[in-house]
Amino acid sequence: MSKEKIKLFLVDDDPLFLKSLEIEFLQHADFTIKTFATGELCLENLSQNPDVVILDYHLDGIDKKAMNGMDTLDKIKVVNPDIPVVMLSSQDKIDVAINCMHHRAFDYVVKSETAFVRLQKIITTIFRYKKMEKELNWYMERM
């Protein structure tokens, strides 16, 4: 089995948070990481087929006309519904999390000191899920 690097897109309009997240991921695992300050830039690069997108909920902190995270999530799902998207937000509100899940986010993480550890666990879960899905498809094809 080839050990290809996981291609991760990080999308956040907070340059400091974005850089710290990128550094954390590069220090803890073998990722190929692309960072984007806007949802528009992320969407322009979707043809690179990221394995996972970590997407900020707001995304309009710098440019008030920028597409927000929910609109970006919806557009990602139109382009490729199989890309797992994890929403990130400083809002610790259950209704925001539920709304993200209704829009087919894989998970929702509150920006905090434990955010990176949660993101690592979620990415591990995503790949376990993808592996099981592959195995299931293999068996289904043989029935």
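If you're wondering where the values come from, they're calculated on a predicted model, not measured in any experiment. (Residues numbered from 1 in each chain as written. Predicted model: local features only at pLDDT ≥ 70, side-chain atom pairs only at ≥ 80, totals over all residues. Heavy atoms only, no water.)

1. Considering the overall build of the protein chain
Going by this rule: In this text, helices come from DSSP runs of H or I with a minimum length of four residues, and strands from runs of E with a minimum of two, each type numbered from the N-terminal end. Computation of the radius of gyration draws on C-alpha atoms alone. For the globule rule, the value is 2.2 Å times the number of residues to the power 0.38. Relative accessibility under 20% of the residue-type maximum defines a buried residue, over 50% an exposed one, and the middle range a partly exposed one, all with a 1.4 Å probe and only protein chains included. Only four residue types enter the charge count, namely Lys and Arg as positive and Asp and Glu as negative; His and the chain termini do not. By convention, the point assigned to a charge is CZ for Arg, NZ for Lys, CD for Glu and CG for Asp.
Within the protein chain one finds five helices and five strands. Moving toward the C terminus, one meets the helices and strands of the protein chain in the order β-α-β-α-β-α-β-α-β-α. Against the 2.2 N^0.38 benchmark of 15 Å for 143 residues, the protein chain shows a C-alpha radius of gyration of 15 Å, consistent with a compact globule. Looking at the 143 residues of the protein chain, the share that counts as buried comes to 38%. With 19 positive and 23 negative side-chain charges, the protein chain shows a separation of 5 Å between the mean positions of the two kinds.

2. Some remarks on helix α4 (residues 94-102)
We apply this condition: Our arc is simply the arc of the directions from the helix axis toward the C-beta atoms. Should any heavy atoms of two residues lie within 4.5 Å, those residues are considered in contact.
For α4, the set of buried residues is V96, A97 and C100. Projection of α4 onto a plane perpendicular to its axis shows the buried side chains occupying an angular sector of 100 degrees, all on one side. Facing away from the buried side of α4 by more than 90 degrees, the exposed set consists of I94, D95 and H102. Looking at the buried residues of α4, the elements they touch are α3 (69-79), β4 (85-89) and β5 (107-110). The first or second residue beyond α4 is R104, which carries a positive phi of 70 degrees.

Bear in mind that shape data such as this cannot, by itself, settle questions of function.
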